[in-house]
Amino acid sequence: MSTIYVGSTPNDAREQSDGFEYLTEEQEKEIRDGGKLAKTIPGILNRFEVIQSGTNEYYVKYNNSIFGGRFTSQYTAFGSVLGTYRRRGGTSSTAQIEDDLELWTPQNMRLQVTAWYKADSISGTDGSAQSSWSDSSRNSNHASQGNTSRYPTLQTNEIGTHPVVRFDGANDFYTSTDIADLDVGTGDIWMAIVFKAAADGTIGFMFEKGVNQFGLMHTKNGELQARLGGTSNIPKHDDGNWSRTSFVLVTASRVSSTCNGFVDGSPMDTTGTTNTGSINNSDVLDIGATAIGGHPLNGDIAELIIGGHTLSDANRLKIEGYLAHKYGLEGNLPSDHLYKSSAPINE
């Protein structure tokens, strides 16, 4: 494991360690980020460049600074960024940079997140009935259930080591409020969810705010529908093309009237539709049904994120990468997905 020094030349970096250039916090952050990505994308990456200074000698260059150490290949040179490094201030302490990496989460796009429900935010034992589901966004759009007979349950270790919220297909559901940020009219809106729904021949809603306006549901015949302004001209996925026995990752959005949906990072069977239907109602947000006794979900939800804002392609890919790697679903992503091999990190 090599200590990373900084200098204007390879020799400075390798031999004149007492005179190295101290790193700014921003440089440290970019080193960490570049090193993580370099695990799977060797060669020139972002602002980092591998240069060869001699036979079997490689260095990592950032702008006009060289990160020292002798490495036998460009791969180990990049890998060195995950080794130890000399911290700012001239102390000799070292640290595992990989341990300091900050993975990207939806918190990094918090201005575009209206509500965010994570099963791992709930404290409880396996099988315990839960009266509420806290919103992990900054908006406090918490969901709850006031009737004990309709409490969903927390199920631990259901998707890897992660818990899920289980809805019994009879009368379990949560209700939030009439969330104004989701009343976008003909504007942009999006959703992302990791869930499992049983094939029981019934209609099931994962969530909705306005049954025919905004939500995700499956029909009796198993068609998956992302309702983004109506029940027609919306992303749909045919029965048999999505799992009813395993967890699936769905993202969908309407941007400038164009609606796109993805299952496990691949386009839905029907996508790229045009929908100008208004999403503007006084309905509350329901999770797991459409209200009391209304098309209850027989299944599990691990995480649900929704936003009454524009979802860029870049952020959609990051959300898919975040959810896939968190829940061990990266194997379901298409081979050319940007985050097939590694989770997104802060930039």
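The preceding data block contains the structure.
Here is a short report on the structure shown in this document. (Residues numbered from 1 in each chain as written. Predicted model: local features only at pLDDT ≥ 70, side-chain atom pairs only at ≥ 80, totals over all residues. Heavy atoms only, no water.)

**As for the environment of P296**
Then comes step 1: Position of P296 relative to the elements: it lies in the loop between β22 (286–287) and β23 (298–307).
Then comes step 2: The sequence separation of P296 and I203 amounts to 93 residues, and the corresponding C-alpha distance is 7.5 Å.
Then comes step 3: Each residue touching P296, except ones within four places of it in the same chain, is listed here: G169, A170, I203, G204, G288 and A289. (Helix = DSSP H or I, 4+ residues; strand = E, 2+ residues; numbered from the N terminus. Contact = heavy atoms within 4.5 Å.)

**Let's talk about the pattern of salt bridges**
Then comes step 1: Applying the stated criterion across every chain, the model contains 8 salt bridges.
Then comes step 2: As a salt-bridge pair, R244 and D239 come within 4.0 Å of each other at their nearest N and O atoms.
Then comes step 3: What makes R244 buried here is its relative accessible area of 14%.
Then comes step 4: A residue is classified by how much of its surface remains accessible, and D239, at 45% relative accessible area, is partly exposed.
Then comes step 5: Across the pair E303 and K326 runs a salt bridge, and its minimum N-O distance is 2.8 Å. In this pair, E303 is assigned in strand β23 and K326 in helix α5 (residues 313–326), connecting sequence segments 23 residues apart.
Then comes step 6: We classify K326 as buried; its relative accessible area is 18%. (Salt bridge = Lys/Arg side-chain N within 4 Å of Asp/Glu carboxyl O. Buried < 20%, exposed > 50% of the residue type's maximum accessible area, 1.4 Å probe, protein only.)

**So, the environment of T202**
Then comes step 1: Take T202: it is sitting in the loop between β13 (189–197) and β14 (204–208).
Then comes step 2: Once the C-alpha coordinates of T202 and K220 are considered, the two residues, 18 residues apart in sequence, prove to be 4.4 Å apart.
Then comes step 3: Setting aside chain neighbours within four positions, we find T202 in contact with H218, T219 and K220.
Then comes step 4: For T202, the side chain forms a polar contact with the side chain of D200, separated by 2.7 Å. (Polar contact = N/O pair within 3.5 Å; in protein donor to acceptor, adjacent residues only side chain to side chain.)

**Things to note about the pairing of β14**
Then comes step 1: In terms of burial, β14 is largely enclosed, as 5 of its 5 residues are buried.
Then comes step 2: Of the pairings in the sheet, the one linking β14 to strand β15 (residues 214–218) comprises 4 bridges and is antiparallel in character. Across the sheet, the residue bridging to F207 is L216, located in β15.
Then comes step 3: A loop of 5 residues connects β14 with β15, the two strands running antiparallel in sequence, and G210 in this loop sits at a positive phi of about 90°.
Then comes step 4: Bridging between β14 and β22 involves 2 bridges; their strand directions are antiparallel. Counterpart to E208 in the pairing with β22 is D286. (Pairing = 2+ DSSP bridges.)

**Describing the side chain of H237**
Then comes step 1: Looking at the element boundaries, H237 is found in strand β17 (residues 236–237).
Then comes step 2: Judged by its relative accessible area of 6%, H237 falls in the buried class.
Then comes step 3: Reaching out from H237, the side chain makes a polar contact with the backbone oxygen of N241 at a distance of 3.0 Å.
Then comes step 4: Residues within four places of H237 in sequence aside, it is in contact with G222, E223, L224, W242, V263, P267, M268 and D269.

**A look at the pairing of strand β11 (residues 162–168)**
Then comes step 1: Of all 7 residues in β11, 5 are buried; the element is thus mostly enclosed.
Then comes step 2: Judged from the 4 bridges that link them, strand β10 (residues 153–159) and β11 form a sheet pairing that is antiparallel. Considered in β11, the bridge of L154 is made with V165.
Then comes step 3: Counting the residues in the hairpin turn of β10 and β11 gives 2 residues, including G160, whose phi is positive at 65°.
Then comes step 4: As judged from the 4 bridges shared by β11 and β23, these two strands associate in the antiparallel manner.

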